[in-house]
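# What the coordinates show
The primary structure of each chain is shown beneath.
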Amino acid sequence: MITGSKSKITILALLIACVMIAGTLSSCTWGFRVPDANSTEKPGVASADNGISTLIPNTPGATNRPTAAPTAAAPTAAAPTAAEPTAAEPTAAEPTAVQPTAYPDNYIDFTSLKTTAAALTKADFSLGLQRPRQHIQMLVILVSFTDGHTIGKDEFENLFTMDHDINNCIKSVSSYYKYNSYGTISFDYQFVYYDSGLSCREAWLLVNEEDERGNFYGNRYIYDIFNDIKAHSSKYGIDDFQKLDGDGDGFVDIATFVFSEDTKKTNPGEPGIYGVYGSAMGTTSLNEYMPDTASPAMKLFLKTGLEVVFTSPETRVNRSSSGIRVILHEIAHTFGVSDYYDFYSYEGTFISAFGGFDLQEEDVGDWNTYSKFGAGILKPYVVDGLEDSITIKIGCSSEKNQAILIPTSAGWNGTPFDEFILIDVVAPVGANGFDWIVANDEREPVGKPDGGVRVLHVDGRLEKNKAFLDPYTAKQLYDAREISWISYAFYCTNGIDPSIPGQSRYYHLVEIVPSDGSSCYRICTPPELNYAILHLFNTADLFGPGDVFSMETCRDAFASYPLMNNGSRLDYSVKVEHYDTVNHEAIITITRVK
């Protein structure tokens, strides 16, 4: 604290000077303070006007200037009057201090915006794209062995049916998809307990035999089980087999096989050998399993082992998690969603689209919003270009059906199969919340523990007319009647083989753009494993208050900078104005770049 009469006079003189300057600069914009991320204040919004930022007033007609200084109280007759101020001077009373500008209320809440579903037609489905599903019939078959594991029916069925809250939704199929889909997806289950009559070793030898066409017998054994159940459905407690075809396409919606083998007995003395079955999704042969609306055939099936399914969801190897997540991951494929990990090795490098933080990359967390968009779940707001600037409040994508799609200057074709930017909020909520410790890995920089804004660069053009199972051999398999369908939906983000002319190693289906503008998680140099990612996703990669995303600020994340992959421009920047750490909501301003 300053004391002494000279200091008081000095302060008074400075205050008078400030007010005099304010009077002569009445048309200037006054600055504002951006509050701390944990503050309850709302920062001011900046709108672009020929490259000059000006504050948007709090209310219509409000001014950005400080209020006029109050006049001194009128003196009484007995008291000596204060010196009469000149016209140019303020009164001796201390002027009102300039207060920080509260965040204006003139943002638009996302719920007030017109949203858009992906435009998918019957023609798309006829080419093999998985139709958006809502109420799904699932046939769940637990296959037992003479020396395998045993489990109670209630315990097993709870893995599929139990109702958990949003923060524990990772623990059952129904709960996960209830929250993942914002309540649009549900399941009916038909459980069957099938006694194989085989030992674990006998089953392993069987599925690794070759059939008459030189193929492993494994999937053939699955079809044999399915056909036996269908032929004797009443024996297995199925009153109406036709009901398992919920969408009427002639196929059981989904069939899930869980094998109760004891892997220690499957192939003793040969470490590293898989058990009877790995975890995967498969399809049937076109030759033998045509659709039948009267007696549904099997097209989509999932297979895994009981040991995997009953691993605790908290158990992780590196970043990968197991347990019921394996089935959650494989179910996603039935919606057309692909694996996002890299299964192509090119010049000793690997790519990670999400840095290990996505259900389809490492069996961790929620679906990303692009997966939800293509599966017919997400309805984003599409920036239409009618305004030079728009400020929007957007909620966490794990609990609210909210995301923003920003087209390139070439426009948007209305489908997931185009190039664009997706903006959403990622926070410790739902499946992402359950795995949030992974997103704050101690090996990575300290991040934003309460979440932030995520930017996704999507280039779905490159995936069109490719196959779900293998982009480059599916047509041959289809023509040879080895598979019954071809999908041009989602498959491996990074499954682009640079040895094929016209393919680029750096054009990917979807990938996170980190807030520091780095080149995502592209180049990795593992000695043997695909998962030795140089930089794992961390919440520091999210955008927080004051951070700006644009082609310029994040140029290293775009292989074709200063253009998008399709040769067009990205004509918008995105600034995070405010982030609510309690409600996990962000206020962002999208501005046209001039």
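For the structure itself, look to the data block above.
In what follows, the accompanying structure is described. None of the values given here were measured: they were computed from a predicted structure. (Residues numbered from 1 in each chain as written. Predicted model: local features only at pLDDT ≥ 70, side-chain atom pairs only at ≥ 80, totals over all residues. Heavy atoms only, no water.)

## As for the overall build of the chain
Within the chain, the secondary structure is distributed over 14 helices and 23 strands. Within the chain, the fraction of its 594 residues that count as buried is 49%. By sequence separation, contacts in the chain at least 24 residues apart represent 73% of the contacts at least 6 residues apart. Counting only carbon and sulfur atoms, one obtains 53% of the accessible surface of the chain, whose full area is about 27,200 Å². (Helix = DSSP H or I, 4+ residues; strand = E, 2+ residues; numbered from the N terminus. Buried < 20%, exposed > 50% of the residue type's maximum accessible area, 1.4 Å probe, protein only. Contact = heavy atoms within 4.5 Å. Areas by Shrake-Rupley, 256 points an atom, 1.4 Å probe, with all protein chains shown as cover.)

## Points about the pattern of salt bridges
Applying the stated criterion across every chain yields a total of 13 salt bridges. With its nearest N and O atoms 3.3 Å apart, the salt bridge here joins Asp224 to Arg220. Of the two residues, Asp224 and Arg220 both sit in helix 6 (residues 218-231), 4 residues apart, roughly one turn of that helix. A relative accessible area of 26% places Asp224 in the partly exposed class. Using a relative accessible area of 25% as the deciding quantity, one classes Arg220 as partly exposed. Asp435 is the salt-bridge partner of Arg325, the closest N and O atoms lying 2.8 Å from each other. (Salt bridge = Lys/Arg side-chain N within 4 Å of Asp/Glu carboxyl O.)

## Side note on the nonpolar core
Ranked by internal contacts, the top residues of the largest apolar core, which has 64 residues, are Phe160, Val173, Tyr177, Ile331 and Trp367. Formed by 34 residues, the second largest nonpolar core is a distinct cluster that contains Tyr381, Ile392, Ile421 and Tyr572. (Core = buried A, V, L, I, M, F, W, Y, C linked by side-chain atoms within 4.5 Å.)

## Considerations on the packing of helix 4 (residues 173-180) against helix 9 (residues 325-333)
At a closest axis distance of 10 Å, the pairing of helix 4 and helix 9 adopts a crossing angle of 50°. Regarding the angle of helix 4 to helix 9, the classification is oblique. Remark: the crossing between helix 4 and helix 9 carries right-handed chirality. On the side of helix 4, the interface is formed by Val173, Tyr176 and Tyr177, while helix 9 contributes Ile327, Leu328, Ile331 and Ala332. Residue classes in the contact of helix 4 with helix 9 are distributed as 7 nonpolar, no polar and no charged. (Axes fitted to C-alpha atoms, helices over the stretch in contact; angles between N-to-C directions. Parallel < 35°, antiparallel > 145°, perpendicular 65-115°, else oblique. Left-handed = near helix turned anticlockwise from the far one by under 90°. Nonpolar A, V, L, I, M, F, W, Y, C, P; charged D, E, K, R; others polar.)

## Structural notes on the sheet that holds strand 22 (residues 572-580)
What the 5 strands build is an open sheet, ordered 3-15-23-22-21; its pairing is mixed. At either margin of the open sheet sits one strand with a lone partner, and together these are strand 3 (108-109) and strand 21 (548-549). Pairing between strand 22 and strand 23 (residues 585-592): 8 bridges, direction antiparallel. In the strand pairing of strand 23, His578 is matched with Ile587. (Pairing = 2+ DSSP bridges.)

## Topic: the packing of aromatic side chains
Taken as a whole and judged by the stated rule, the model has 26 aromatic pairs. On the basis of an interplanar angle of 65° and a centroid distance of 5.8 Å, the ring pair of Phe160 and Tyr189 is categorised as edge-to-face. In this pair, Phe160 sits in helix 3 (residues 153-161) while Tyr189 sits in strand 5 (residues 186-195), placing the two residues 29 residues apart along the sequence. Residue Phe160 shares its accessibility class with Tyr189, and that shared class is buried. Considering the side-chain rings of Tyr177 and Phe187, the 5.7 Å spacing of their centres and the 70° angle between planes classify their relative orientation as edge-to-face. With Tyr177 in helix 4 and Phe187 in strand 5, this pair connects stretches of sequence that are 10 residues apart. Phe187 carries the same exposure label as Tyr177, and that label is buried. Ring pairing ties together the aromatic residues Phe156, Phe160, Tyr176, Tyr177, Phe187, Tyr189, Phe191, Tyr193, Phe335 and Trp367, which thus form one cluster. (Phe/Tyr/Trp six-rings, centres within 6.5 Å; stacked < 30°, edge-to-face > 60°.)

## Things to note about unusual backbone geometry
Here Tyr561 and Pro562 are connected by a cis peptide whose omega angle stands at 10°. Tracing the backbone shows Pro562 in the loop between strand 21 and strand 22. With a phi angle near 55°, Asp363 is a residue other than glycine that sits in the positive phi range. The phi dihedral of His584 is positive, around 55°, even though this residue is not glycine.

## Details of helix 6
Look at helix 6: 20 Å from first C-alpha to last across 14 residues, which is about the 20 Å you get at 1.5 Å a residue. Taken as a whole, helix 6 has its buried residues at Gly218, Tyr221, Ile222, Tyr223, Ile225, Phe226 and Ile229. (Expected span 1.5 Å × (residues − 1).)

## Here's the deal with helix 5 (residues 200-207)
Listed in full, the buried residues belonging to helix 5 are Cys200, Ala203, Trp204 and Val207. All buried residues of helix 5 lie within an arc of 100° about the axis, which places them on one face of the element. (Arc of directions from axis to C-beta.)

## With respect to the environment of Ile331
Positionally, Ile331 belongs in helix 9. On the basis of relative accessibility, which here comes to 0%, the residue Ile331 falls in the buried class. Each C-alpha atom of the pair Ile331 and Ala255 lies 9.9 Å from the other, and the pair is 76 residues apart in sequence. Here Ile331 is in contact with Met138, Val173, Tyr177, Phe187, Ile254 and Leu302, once residues within four sequence places are set aside.

## Some thoughts on the sheet that holds strand 8 (residues 280-283)
Sheet architecture is open: 5 strands sit in the order 5-4-7-10-8, paired in mixed fashion. Of all strands in the sheet, those bounded by a partner on one side alone are strand 5 and strand 8. Taken over all neighbouring pairs, the strand axes of this sheet differ in orientation by 25° on average, direction set aside. The sheet contact formed by strand 7 (residues 254-259) and strand 10 (residues 300-305) spans 5 bridges and is parallel. Residue pairing across strands places Thr256 opposite Leu302, the latter belonging to strand 10. Helix 3 contacts strand 4 (135-144), strand 5 and strand 7 of the sheet and is inclined by roughly 150° relative to strand 5.

## Remarks on the side chain of His457
Assignment of secondary structure puts His457 in strand 18 (residues 452-459). Among the polar contacts made by the side chain of His457, one reaches the side chain of Glu419 at a distance of 2.7 Å. Those residues in contact with His457 that lie beyond four places of it in its chain are Glu419, Phe420, Ile421, Leu509, Val510, Glu511, Val513, Ala557, Phe558, Met564 and Asn565. (Polar contact = N/O pair within 3.5 Å; in protein donor to acceptor, adjacent residues only side chain to side chain.)

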